[in-house]
2 protein chains.
Amino acid sequence: MAFQKERSAGYLANQMARLFAKGLHERIRPLGLAPAQFMTLLALWDEDGLAQSELVRRLDVEQATMANTLTRMERDGLIERRANPDDGRSQAIHLTPRAKALRDPATTAARAQNETALAEFTDEERQTFLALMRRAIAAMHKD
Amino acid sequence: MAFQKERSAGYLANQMARLFAKGLHERIRPLGLAPAQFMTLLALWDEDGLAQSELVRRLDVEQATMANTLTRMERDGLIERRANPDDGRSQAIHLTPRAKALRDPATTAARAQNETALAEFTDEERQTFLALMRRAIAAMHKD
DNA sequence: CAATGATATATAGCTTGCTATGCAAACTGG
DNA sequence: CCAGTTTGCATAGCAAGCTATATATCATTG
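A brief look at the structure comes next. For clarity, every value in this text was computed on a predicted model and none was experimentally measured.

The rules behind each value
- Residues numbered from 1 in each chain as written.
- Chains lettered and ligands numbered in written order.
- Predicted model: local features only at pLDDT ≥ 70, side-chain atom pairs only at ≥ 80, totals over all residues.
- Heavy atoms only, no water.
- Contact = heavy atoms within 4.5 Å.
- Buried area = accessible area lost by both parts, 1.4 Å probe.
- Salt bridge = Lys/Arg side-chain N within 4 Å of Asp/Glu carboxyl O.
- Helix = DSSP H or I, 4+ residues; strand = E, 2+ residues; numbered from the N terminus.
- Nonpolar A, V, L, I, M, F, W, Y, C, P; charged D, E, K, R; others polar.
- Pairing = 2+ DSSP bridges.
- Axes fitted to C-alpha atoms, helices over the stretch in contact; angles between N-to-C directions.
- Near = heavy atom within 4 Å.
- Polar contact = N/O pair within 3.5 Å; in protein donor to acceptor, adjacent residues only side chain to side chain.
- Buried < 20%, exposed > 50% of the residue type's maximum accessible area, 1.4 Å probe, protein only.
- Least-squares fit on C-alpha atoms with pLDDT ≥ 70 in both.
- Phe/Tyr/Trp six-rings, centres within 6.5 Å; stacked < 30°, edge-to-face > 60°.
- Lys NZ or Arg CZ within 6 Å of the ring centre and 35° of its normal.

## Quick word on the interface of chain A and chain B
- Facing 54 residues of chain A, the contacting portion of chain B comprises 54 residues.
- Of the roughly 5,000 Å² buried where chain A meets chain B, counting both sides, 68% is carbon and sulfur surface.
- If you look at where chain A meets chain B, you find four salt bridges.
- In this structure, A:Lys22 and B:Glu62 form a salt bridge, with 3.5 Å as the shortest nitrogen-oxygen distance.
- Taken together, the elements giving at least two residues each to the side of chain A that touches chain B come down to α1 (9-28), α2 (35-46), α3 (52-59), α6 (103-117) and α7 (123-142) of chain A.
- Taken together, the residues that form the side of chain A that touches chain B break down as 27 nonpolar, ten polar and 17 charged.

## Quick notes on the sheet that holds strand β1 (residues 50-51) of chain B
All names here are of chain B.
- Read across the open sheet, the three strands follow the order β1-β3-β2; overall the sheet is antiparallel. Only two strands of the sheet have a single neighbouring strand rather than two, namely β1 and β2 (79-83).
- Taken together, the two bridges between β1 and strand β3 (residues 91-95) define a ladder with antiparallel strand orientation. Bridge pairing in β3 links Ala51 to Ala92.
- Along the sheet face, helix α2 (residues 35-46) touches β1, β2 and β3 and points at about 95° away from the line of β3.

## Description of the protein's contact with DNA strand C
- Around DNA strand C sit 27 residues in total, of which A:Ser53, A:Gln63, B:Ala34, B:Arg75 and B:Gly88 are the nearest.
- Separating a base oxygen of DNA strand C from a side-chain N or O atom of A:Arg89 is a distance of 3.0 Å.
- Here a phosphate oxygen of DNA strand C sits 3.0 Å away from a polar atom, N or O, in the main chain of A:Gln91.
- Counted by class, the surface near DNA strand C contains eight nonpolar, ten polar and nine charged residues.

## A look at the protein's contact with DNA strand D
- In the region of DNA strand D, 26 residues are neighbours, and A:Ala34, A:Gly88, B:Gln52, B:Ser53 and B:Gln63 sit closest.
- Across the atoms of DNA strand D situated within 4 Å of the protein, the share located in sugar and phosphate is 70%.
- Within the contact set of DNA strand D, a phosphate oxygen lies 3.4 Å away from a backbone nitrogen or oxygen of A:Pro35.
- In this structure, A:Arg89 approaches DNA strand D through a side-chain N or O atom, which is 3.4 Å from a base oxygen.
- Within the residue set of the surface near DNA strand D, elements represented by two or more residues are α2 and α4 (63-75) of chain A together with α1 (9-28), α3 (52-59) and α4 (63-75) of chain B.
- Of the residues belonging to the surface near DNA strand D, the class tally is seven nonpolar, ten polar and nine charged.

## Looking at the side chain of B:Gln15
- By the element assignment, B:Gln15 lies in helix α1.
- A relative accessible area of 11% means that B:Gln15 is categorised as buried.
- A distance of 3.3 Å separates the side chain of B:Gln15 from the side chain of A:Asp60, its partner in a polar contact.
- If near-sequence neighbours (up to four positions away) are discounted, B:Gln15 is found in contact with A:Asp60, A:Ile137 and A:His141.

## Topic: the relation of the copies chain A and chain B
- Of the two same-sequence chains, chain A is brought onto chain B (RMSD 0.0 Å, axial shift 0.0 Å) by a rotation of 180°. The transformation just described matches what one would write down for a two-fold rotation axis.
- Mapped onto chain B, 100% of the interface residues of chain A are again interface residues, and the two copies thus contact each other with one and the same surface.

## Here's the deal with the packing of aromatic side chains
- In this structure the tally under the stated criterion is seven aromatic pairs over all chains.
- Note on A:Phe38 and B:Phe3: the rings are 5.9 Å apart at their centroids and 75° apart in plane angle, and the pair reads as edge-to-face. Here B:Phe3 lies in the segment before α1 and A:Phe38 lies in helix α2, a pairing that spans two chains. Across this residue pair, the class does not change: A:Phe38 and B:Phe3 are buried.
- Look at A:Phe129 and B:Phe129: their rings are 6.3 Å apart centre to centre, the planes differ by 55°, and that puts the pair in the tilted class. In this pair, A:Phe129 sits in helix α7 while B:Phe129 sits in helix α7 (residues 123-142), so the two residues belong to two different chains.
- Relative accessible area serves as the criterion here: at 0%, A:Phe129 is assigned to the buried category.
- Chaining the aromatic ring pairs together yields one cluster made of A:Phe121, A:Phe129, B:Phe121 and B:Phe129.
- A cation over a ring is seen here: A:Arg135 above B:Phe121, with NZ or CZ 4.7 Å from the ring centre.

In structure tokens, the structure reads:
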């Protein structure tokens with residue numbers, strides 16, 4: 001039997017993630033943000049001054065990916081890298097006032113994007129959907 | 001209330017898609033394939049000789065993205081671009097023997113990746129999951 | 001304490017996305 | 001028929017992923 005992409009979870013996941021990212025990007029572009037920057041800000045709004053290694057752990061991306069994202073965020077005036085007095089290898093990542101001010105509008109934009117995607121889902125379907133995605137993630141994580 | 005990434009469909013979709021892509025990439029790397037190349041091959045195994053514009057329609061990526069993917073596939077000996085005698089603008093994309101030979105091992109690899117992700121899902125959960133993803137995709141597509 | 005190993009970050013190089021442009025070929029309405 | 005629009009493709013430039021390597025600092029252990 002042929003491999004049908006419409007029935008492939010991986011294919012659908014890819015397409016869905018691209019649409020989420022595209023929609024979010026459109027909404028936060030006026031704020032001067034890109035999706036990975038927003039994701040990183042989520043962690044820093046929650047706790048400022050984290051080390052790069054801790055951001056890598058919390059966001060589950062490769063270290064090199066995070067290093068590059070942080071470089072772009074520094075360029076764009078969203079973060080500062082400050083030396084860590086206790087450990088000459090690491091740097092604490094601190095938010096600028098500009099980044100702090102973006103918290104409300106950016107999270108509002110992200111909520112709106114999720115709402116667009118799940119507009120016709122019932123509350124139960126939303127819970128089910130999130131739970132199934134978490135399980136698929138956990139299964140691939142293990143492997 | 002804080003925006004919690006663990007409860008965000010978009011965040012989970014991104015993470016899940018990255019894990020699918022990474023797992024698939026590992027499995028098809030020995031075949032000399034990358035994920036977007038595999039996706040493109042799916043369409044061409046189904047129907048050889050399509051125009052680039054038709055591939056764009058079927059795979060729902062931007063035209064520039066497809067043009068670049070095809071350039072890499074041509075470089076890697078997977079496809080040939082042949083002039084279309086009926087329309088001087090378009091070119092028919094044809095599979096090489098090498099690409100044709102990859103159909104079985106590559107689709108087997110993709111199925112294995114899907115199976116890893118959904119290993120602990122019941123048949124009903126799998127159907128539900130695919131249906132919910134399709135609905136989220138359709139909702140974002142409309143908007 | 002010196003050698004070895006582990007950890008934190010940076011950098012190079014690649015793929016896959018995207019938007020924005022440019023250009024040539026084909027089509028169409030006056 | 002031809003001016004203007006549409007269509008098909010390529011290219012430039014950027015973001016964000018990844019792997020693989022390099023380097024510096026810290027930790028451990030013999």
